[in-house]
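The lines below spell out each chain.
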Amino acid sequence: MTLRFLTAGDSHGSCLVGIIESLPAGVPISLRDIRRDLRRRRTSPGRSSRQKLEEDRVEILSGLWKGRTTGAPVAIQIPNAGRKVAGKGGGGLSTVARPGHADLAGCLKYGLSEVPPVSERASARSTAMRVAIGSIAKAVLDRVSIEVVSHVVSIGDVEARPDTSSVERLKRATARSAVRCADAASGREMLRAIESASREGHSLGGSVEVLAVGVPPGLGSHVSWDRKLDARLAGALMSVQSVKAVEIGAGLETSRMRGVDAQDAIVIEDGMITRPTNRAGGIEGGISNGENVVVRVYAKPIPTARRCLPTIDLETGETRESPFVRADVCVVPAVGVIAEAVVAWELARALLEKFGGDHMEEIETRVAEFIASIARRNRP
Ligand SMILES: Cc1cc2nc3c(=O)[nH]c(=O)nc-3n(C[C@H](O)[C@H](O)[C@H](O)COP(=O)(O)O)c2cc1C
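Now for a look at the structure at hand. (Residues numbered from 1 in each chain as written. Predicted model: local features only at pLDDT ≥ 70, side-chain atom pairs only at ≥ 80, totals over all residues.)

With that out of the way, let us pick up helix 9 (residues 229-238). Along helix 9, the residues classified as buried are Leu229, Asp230, Leu233, Ala234 and Leu237. Down the axis of helix 9, the buried set is contained in an arc of 130°. They therefore lie on one face. Against strand 10 (243-248), strand 13 (283-284), strand 14 (287-288), strand 15 (293-299) and helix 12 (332-355) lie the buried residues of helix 9. (Buried ≥ 20, exposed ≤ 12 C-beta atoms within 10 Å, placed from the backbone. Helix = DSSP H or I, 4+ residues; strand = E, 2+ residues; numbered from the N terminus. Arc of directions from axis to C-beta. Contact = placed C-beta atoms within 7 Å.)

Strands pair in a sheet through their backbones, by hydrogen bonds, and they do so in one of two ways: parallel or antiparallel. Spatial strand order, 8-7-9-15-10: five strands in an open sheet with antiparallel pairing. Of all strands in the sheet, those bounded by a partner on one side alone are strand 8 (158-159) and strand 10. Taken together, the seven bridges between strand 9 (residues 206-213) and strand 15 define a ladder with antiparallel strand orientation. Paired with serine 207 across the bridge in strand 15 is tyrosine 298. Strand contacts of helix 7 (residues 167-176): strand 7 (147-155) and strand 9, with the helix running at about 55° to strand 7, the strand carrying the most contacts. (Pairing = 2+ DSSP bridges. Axes fitted to C-alpha atoms, helices over the stretch in contact; angles between N-to-C directions.)

The next subject is the packing of helix 1 (residues 31-42) against helix 6 (residues 127-142). In helix packing, the relevant descriptors are the interaxial angle and the interaxial distance, both defined with respect to the helix axes. Packing of helix 1 against helix 6 leaves a shortest axis separation of 9 Å and a crossing angle of 140°. Judged by the inter-axis angle, helix 1 sits oblique to helix 6. Handedness of the helix 1/helix 6 crossing: right-handed. Of the residues in helix 6, those in contact with Asp33, Ile34, Asp37, Leu38 and Arg41 of helix 1 are Thr127, Ala128, Val131, Ala132 and Ser135. Classifying every residue of the contact of helix 1 with helix 6 gives five nonpolar, two polar and three charged. (Parallel < 35°, antiparallel > 145°, perpendicular 65-115°, else oblique. Left-handed = near helix turned anticlockwise from the far one by under 90°. Nonpolar A, V, L, I, M, F, W, Y, C, P; charged D, E, K, R; others polar.)

A few words now on the pairing of strand 9. Consecutive residues of a regular strand have side chains that alternate between opposite faces of the sheet. Most of strand 9 is tucked away, with seven of its eight residues classed as buried. Pairing between strand 7 and strand 9: eight bridges, direction antiparallel. Across the sheet, the residue bridging to serine 150 is valine 210, located in strand 9.

Right, let's talk about the sheet that holds strand 2 (residues 15-21) for a bit. Taken in spatial order, the four strands of this open sheet run 1-2-6-3, and their pairing is antiparallel. Looking at strand neighbours, the two that pair on one side only are strand 1 (4-8) and strand 3 (59-62), the edges of this open sheet. Averaged over all neighbouring strand pairs, the angle between strand axes comes to 20°, with direction disregarded. Relative to strand 2, strand 1 runs antiparallel, the two sharing five bridges.

Below is the structure:
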């Protein structure tokens with residue numbers, strides 16, 4: 001059975017719920033790690049006052065025995081503190097469709113003239129559960145020494161030029177930055193840009209990079225379109241609210257290069273296959289090739305801002321101004337944490353498809369054997 005999850009819950013309902021099915025037994029799950037990821041999603045400059053309210057008190061209701069998965073479905077719950085403030089009714093704005101949100105399209109599709117049944121579910125509050133689920137996926141990956149990290153590349157028109165030659169250095173520099181940017185000077189500029197957008201009533205978009213280190217070759221497959229790892233990563237990342245584009249490796253840059261310059265040569269060094277460059281972002285033909293998987297994610301500026309756009313009242317058809325409710329100014333650092341979780345989930349799913357087993361130890365043994373068999377194969 002393929003690893004899968006289902007989530008339920010509204011932005012201002014009582015809680016978010018998630019169920020993960022087909023996790024192998026024996027994976028150690030740390031609530032501390034899940035809470036740490038949830039905190040990273042919630043806290044960064046540019047988030048709204050709601051983030052101070054939410055504590056994301058995650059609870060695991062089933063599927064664990066003495067801190068390890070049992071093979072049974074894992075049920076997760078995150079209560080919403082925000083329900084006490086905004087209430088489920090949408091604060092009296094319930095028939096005005098906000099441009100840039102699911103409001104209009106969702107109401108047309110489901111035959112509704114009130115927005116909350118759409119907006120409550122479409123809200124990015126649901127990304128808290130995706131982060132919790134991704135954190136559990138990271139625990140699977142950790143058993144086979146795969147690590148997923150992220151950093152902010154741009155906010156508004158401020159672009160970072162971080163040193164990505166050492167993942168450890170990148171991680172330390174990202175952790176030191178309030179906006180999760182590994183280039184300290186650009187990070188300070190990003191912070192100023194967020195403060196000025198907040199004063200002027202704008203919102204800012206940007207981009208993040210996710211790196212997965214230690215990914216073995218062979219995840220995903222070229223044989224069918226829906227098994228390709230790049231397609232699966234892009235689809236999953238595009239499902240995150242506000243994400244408008246996904247780039248694998250040096251995707252955009254290679255589109256402007258000559259073919260000979262856009263690929264990565266294959267060489268053997270000390271009996272090991274090595275790639276002097278990684279423009280492919282660790283994926284060729286829809287299959288991981290043993291290099292770091294590198295994905296960039298581009299998020300639009302969030303729609304709600306103090307400067308309002310014309311829209312309509314869905315009940316009366318009258319022209320209105322889009323309502324301003326409490327909103328984030330910049331969610332790019334949060335998108336980095338969410339994208340990390342999404343990439344971890346897709347990699348864990350592809351890992352279990354290739355090496356699957358009922359207990360994590362079986363999977364660990366199979367991964368080690370596969371890697372050893374590749375090393376043997378390249379011996380002169
Ligand atoms: C972490 C996060 C927080 C967000 N917060 C807000 C917000 O406070 N106000 C807002 O208008 N949009 C916010 N958004 C963006 C909307 O959820 C998103 O633009 C909307 O659901 C429409 O989806 P789409 O942009 O993918 O088409 C947020 C997105 C993310 C990822």
